[in-house]
Amino acid sequence: MTSNPPEFPQMSRQSPAHGWPQNPKSKIDGFGIQPPLDDITREFQPQLRKFAVEVMRPIGQRLDRLPADQIIAEGSEFWTFHKRYQELGVELSMLAQMEPEARANLFCVLLEELGYGDGGLAISVAAGMLPTYVSMLFGNQFLMERFPETELGCWGITEPDHGSDSIDPQGMVRHPGAKYGRPNTVARFYKDKIILNGQKSAWVSNGTCAKHCILYCAADFGDGPSVEGGCVLVIPLDLPGISRGKPLEKLGQRGDPQGEIFFNDVEVSLDYVLAGPEDYLRAVYCIHSEANALMGAIWTGAARSAYHLAHAYAHERKQGGVPIFNHQLVAYKLFHMFRSVEAASSLTRRVVHYNMTSDVPALQAAMCAKTLGTQTAFEVSSEALGIFGGNGLTHEYPMEKIMRDSRASLIEDGTNDVLAIKGGYYLMDPDLL
Ligand SMILES: Cc1cc2nc3c(=O)[nH]c(=O)nc-3n(C[C@H](O)[C@H](O)[C@H](O)COP(=O)(O)OP(=O)(O)OC[C@H]3O[C@@H](n4cnc5c(N)ncnc54)[C@H](O)[C@@H]3O)c2cc1C
């Protein structure tokens, strides 16, 4: 048989099938099955991967072994990491000027690569930039300039008595007939100032060392605090009356220094209000739409790193007389890990693109990205640990740490269970949003 091309119009593709080698193969590179990127993102991606592998991963592993209070000590590698991150030059001001599609690309790639390096440190960067980023989204020039991204920020939402409650201002998942009870952080509004009292929980990422905070609190105009009528402030954390709790000892993401923030008659001017009670739901919606989607990207990166490490190990480790990759079951597992990582990456990028190019982002879509990205990181790192056999359990190998970090991600930014319940309600009736 001759192999002449058929006489209908050629499909426009780079390499027509009749020009392929007889035994075609495609080698997917370390960034996976990604659609073409814009020029800026394509340039940054390999630099970010190098930074993730050569800087973040080793620093993250060393920080993981330290007692929590030493992580933020002067001279700790936590600070070296943040300095080196700043030197990469991926600035919010640059992102803001990009077209929405390109911005979505770079945001996803940036956070995937940071997650590839170290989940806890990636969260520290993301929480660190959040106050500046949200101030930009709200077009609040004063707060943007007052709190530059070069200084570490944090996000104070959860309270000792309000974890899941605090991400549910509309009371969508509240038990029928129940009440949320008294808020722990209250902003008492006066004509020209606010007085803050209360505390945020020990879970505030960077809470032990951040310079400023985007803070959710109940608003009190003289008739008592109301959770439903909350407000969002962005405040400096060096004001009189602010103190910090002890750094939290925890299972995973140990490179992210978490701890309480206490407020005792803290006075701030009204300039620091990002959203008053009338804008509260809009602000929470905006912040969680961004944060949930970007969490999807970070934990997709962690999942990819677990998959790559397991893939490499399966070529090194011999059992049954051959590298374990040759055993069908190991190849089968690696295939499913790869598939899961690609699915999480595709969904996350799709959601971030959708949200960054829509008039109003879809919070329910962002919840899909968060829950899928984190669940994938946990499942893939657990499977990867199995491929490492007994070595997977030891501190000598990276896998148990990625699994611990990923386990924490299922709870972070709203447990996946509560997000799924809320997401389900939103799908049922978007007017609930
Ligand atoms: C690594 C990490 C980083 C974090 N970073 C930050 C941060 O930067 N800033 C910040 O403020 N907070 C942060 N958090 C806190 C996080 O948002 C909360 O832990 C989370 O919202 C859950 O709250 P909780 O831990 O109090 O659990 P709880 O709310 O006490 O939940 C306990 C259990 O009950 C279930 N549950 C609770 N309510 C309901 C309901 N209505 N319906 C069904 N099930 C329910 C939950 O799913 C969970 O299984 C972080 C947490 C982690 C783990």
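As a reminder, the structure under discussion sits directly above these lines.
Residues numbered from 1 in each chain as written. Predicted model: local features only at pLDDT ≥ 70, side-chain atom pairs only at ≥ 80, totals over all residues. Heavy atoms only, no water.

## Description of empty space enclosed by the protein
- Under the criterion given, the structure shown has four cavities of 30 Å³ or more.
- Roughly 100 Å³ of internal volume is contained in the second largest cavity.
- Lining the second largest cavity are 14 residues; nearest its centre among them are Gly117, Asp118, Ser305, Lys401 and Ile402.
- Counting residues per element, the ones that place at least two in the lining of the second largest cavity are α1 (39-64), α5 (100-117), α8 (280-316) and α11 (399-409).
- Of the residues in the lining of the second largest cavity, the class split is five nonpolar, five polar and four charged.
- Per-domain counts for the lining of the second largest cavity show at least three residues from each of domain 1 (39-146) and domain 3 (281-428). (1 Å grid on protein atoms, 1.4 Å probe; cavity = no way out; pocket = protein on both sides within 12 Å on 5 of 7 lines; lining within 4 Å. Points joined across faces, edges and corners; volume = space filled by probe spheres on them. Helix = DSSP H or I, 4+ residues; strand = E, 2+ residues; numbered from the N terminus. Nonpolar A, V, L, I, M, F, W, Y, C, P; charged D, E, K, R; others polar. Domains from an automatic or database assignment.)

## Topic: the pattern of salt bridges
- Counting across every chain of the model gives 17 salt bridges.
- For the salt bridge of glutamate 113 with arginine 49, the shortest nitrogen-to-oxygen distance reads 2.5 Å. In this pair, glutamate 113 is assigned in helix α5 and arginine 49 in helix α1, connecting sequence segments 64 residues apart.
- Of the residues examined, glutamate 113 reaches a relative accessible area of 2% and is grouped as buried.
- Classification of arginine 49 as buried rests on a relative accessible area of 12%.
- Glutamate 112 is paired through a salt bridge with arginine 349; the nearest N and O atoms lie 3.1 Å apart. (Salt bridge = Lys/Arg side-chain N within 4 Å of Asp/Glu carboxyl O. Buried < 20%, exposed > 50% of the residue type's maximum accessible area, 1.4 Å probe, protein only.)

## A short note on the site of the ligand
- As a matter of local geometry, the ligand sits amid 21 residues, with Trp155, Ile157, Thr158, Ser164 and Gln258 nearest to it.
- One of the backbone nitrogen or oxygen atoms of valine 173 is found 3.0 Å away from a nitrogen atom of the ligand.
- Within the side chain of threonine 415, a nitrogen or oxygen atom sits 2.9 Å from an oxygen atom of the ligand.
- In isolation the ligand offers 960 Å² of accessible surface; the protein chains occlude 71% of this area.
- Applying the majority rule of atoms within 2 Å of the grid points places the ligand in the largest pocket.
- Only β1 (153-156) and α12 (416-428) provide two or more residues apiece to the shell around the ligand.
- Of all the elements, α12 adds the most residues to the shell around the ligand, at three residues.
- Considered class by class, the residues forming the shell around the ligand number nine nonpolar, nine polar and three charged. (Near = heavy atom within 4 Å. Polar contact = N/O pair within 3.5 Å; in protein donor to acceptor, adjacent residues only side chain to side chain. Areas by Shrake-Rupley, 256 points an atom, 1.4 Å probe, with all protein chains shown as cover. Sits in = over half its atoms within 2 Å of the grid points.)

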